[in-house]
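Single-letter residue listing:
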Amino acid sequence: MEYEITMPILSDTMDKGKLIKWYVKEGQYVKEGDKIAEVESDKAIMDIQTFKSGIVKKLLVKEGEEVPVKSVIAIIETKSQEETQKEKPKKETNEKTLKQSKIKSTKNIQIPPQIMNLPKGSASPLAKKLASKYNIDIEELQKKDLLPTPAHEKDIKEFILKRYFTPAALKLIKEYEIDENEFKLDHKITKEEVLNYTKQINIPKLTPLTPNQKAVIKTVEKAWSKPTYLIFDEIEVTKPKGIKLTAILIKALSLAMQKNPLTRSILKDDKLLTYPTSNISVAVSRDDGLYMCVIKNAEDKTLEEINEWLKTIKTKKLTIEDLSGSTFGISNLGMFNVKRFTALINDKDSGIAAFGKLIDEKIKVTFNFDHRILNGVDAAKFVNDFKEILKEIK
């Protein structure tokens, strides 16, 4: 039987996934639970596995290709390893017999001269026409393995680009999507010439959005649709030596959330789902983008454990588990000398707290709440509990 592996849905906002890397090859035997591929969602990169054993019959998606969720990316022929091993001798015998029959069948066949000469100067009509325009000797280049056999129009175009543009210039014309015919192709064109051209014509550089950027866009667009309100306040906090300020704020929020169940709640359909643990989404700026990383069971963690989590989350390979399951959020821009700001609520969270710069042991904070989950009184109680708990944290 055939078992289909599909592009999984790894988040609520994911509609496409990119196949980053295959861990298997066609014809390879895999066991249930083996890693099959590495895929990238709109939020993170993670491995997917097979839930059945068998032979990899077909890999349907190339590495680097993006496909819609639920698309079939691989087919497994479900067989046990013993069944596979039993079939091998038969397969080898069949291959040997087939090879011998091919040798016998070709002994007395006369190969036409035109087929014998096919690899020499072999190209499509469009490729030959373009090569003629630029005085390109297809046959000579194919002898040197500089062109494939047969050559097509795209192969000739690629050769022309490499002939007349330096690697850096070629990279630029692809980034700016400039037609190479805009330049006089009679010399080696440099990066500086291309940059000068972009300035003269005022051409914008086209940068495709990363999956993370697409996810952020969907999240903020969704956030704007929520009925929210703000509470502005100022808190007092003493920062212990060796502990990040964000760790103290997370701890205080997590304990305040335990006293205020609605901050541990999300809306789903016509129900309010209230979770027992304080799972907080934390805005983390990394080299690969901005992420809302989720610290789980923060109420049970020590300041030192939260502090260590904040360090490791900056560089670790993020999984869906690292980015989901929160009910309240925190964003801290104090380290960038921002005194006060507002933050958008992440995904399904009930609210978010935005903290500014610590000045004379005081911080301006802006709370943003989802009015569908918490009303003003609920929010005020939570804010007051947070401020009281913060005084006790050392």
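Before any of the text, the structure's been laid out above.
The following paragraphs examine the structure supplied in this document.

Thresholds applied
Residues numbered from 1 in each chain as written. Predicted model: local features only at pLDDT ≥ 70, side-chain atom pairs only at ≥ 80, totals over all residues. Heavy atoms only, no water. Helix = DSSP H or I, 4+ residues; strand = E, 2+ residues; numbered from the N terminus. Buried < 20%, exposed > 50% of the residue type's maximum accessible area, 1.4 Å probe, protein only. Contact = heavy atoms within 4.5 Å. Areas by Shrake-Rupley, 256 points an atom, 1.4 Å probe, with all protein chains shown as cover. Core = buried A, V, L, I, M, F, W, Y, C linked by side-chain atoms within 4.5 Å. Domains from an automatic or database assignment. Phe/Tyr/Trp six-rings, centres within 6.5 Å; stacked < 30°, edge-to-face > 60°.

## Here we look at the overall build of the chain
Consideration 1: Assigned secondary structure in the chain consists of 11 helices and 16 strands.
Consideration 2: Put simply, the chain has 394 residues, and 42% of those count as buried.
Consideration 3: Considering only intrachain contacts with a sequence separation of at least 6, the fraction spanning at least 24 residues in the chain is 60%.
Consideration 4: Working note: accessible area of the chain is about 23,500 Å², and carbon and sulfur atoms make up 53% of it.

## Observations concerning the environment of Val56
Consideration 1: Checked against the element boundaries, Val56 lands in strand β6 (residues 54–59).
Consideration 2: With relative accessibility at 2%, the residue Val56 sits in the buried group.
Consideration 3: Each C-alpha atom of the pair Val56 and Ile75 lies 6.2 Å from the other, and the pair is 19 residues apart in sequence.
Consideration 4: Setting aside residues up to four positions removed in sequence, Val56 forms contacts with Val24, Lys25, Glu26, Gly27, Gln28, Val30, Ile75 and Ile76.

## Details of the nonpolar core
Consideration 1: Ranked by size, the top nonpolar core spans 68 residues in total, and within it Ile73, Leu253, Phe355, Phe367, Phe369 and Phe386 carry the most contacts.
Consideration 2: In terms of residue count, helix α9 (residues 245–259) provides more of this core than any other element does, 9 residues in total.
Consideration 3: Residues from two domains meet in this core; each of domain 1 (2–81) and domain 3 (212–392) gives at least three.
Consideration 4: Formed by 27 residues, the second largest nonpolar core is a distinct cluster that contains Tyr134, Leu172, Phe183 and Val194.

## A closer look at the packing of aromatic side chains
Consideration 1: Taken as a whole and judged by the stated rule, the model has 11 aromatic pairs.
Consideration 2: Here Phe355 and Phe386 contribute two aromatic rings whose centre-to-centre distance is 5.9 Å and whose plane-to-plane angle is 50°, an arrangement assigned as tilted. Of the two residues, Phe355 sits in strand β15 (residues 351–355) while Phe386 sits in helix α11 (residues 376–392), which places them 31 residues apart along the sequence.
Consideration 3: Judged by relative accessible area, which is 0%, Phe355 ranks as buried.
Consideration 4: On the basis of relative accessibility, which here comes to 0%, the residue Phe386 falls in the buried class.
Consideration 5: When the ring of Phe367 is compared with that of Phe386, the centres are 6.0 Å apart and the planes differ by 80°; the resulting orientation is edge-to-face. With Phe367 in strand β16 (residues 362–370) and Phe386 in helix α11, this pair connects stretches of sequence that are 19 residues apart. Each member of the pair Phe367 and Phe386 is classed as buried.
Consideration 6: Site record: aromatic cluster; members linked through ring pairs are Tyr229, Phe328, Phe355, Phe367, Phe369, Phe382 and Phe386.

## Side note on unusual backbone geometry
Consideration 1: The step from Thr149 to Pro150 runs through a cis peptide bond, and the omega angle for that step is -5°.
Consideration 2: Mapped onto the elements, Pro150 comes out in the loop between α4 (138–143) and α5 (153–164).
Consideration 3: Positive phi values are uncommon outside glycine, yet Asn135 reaches one of about 55°.
Consideration 4: Note that Asn135 resides in the loop between α3 (125–133) and α4.
Consideration 5: The backbone of Asn202 shows a phi angle near 60°, a positive value even though the residue is not glycine.
Consideration 6: As for its placement among the helices and strands, Asn202 is situated in the loop between α7 (191–201) and α8 (211–224).

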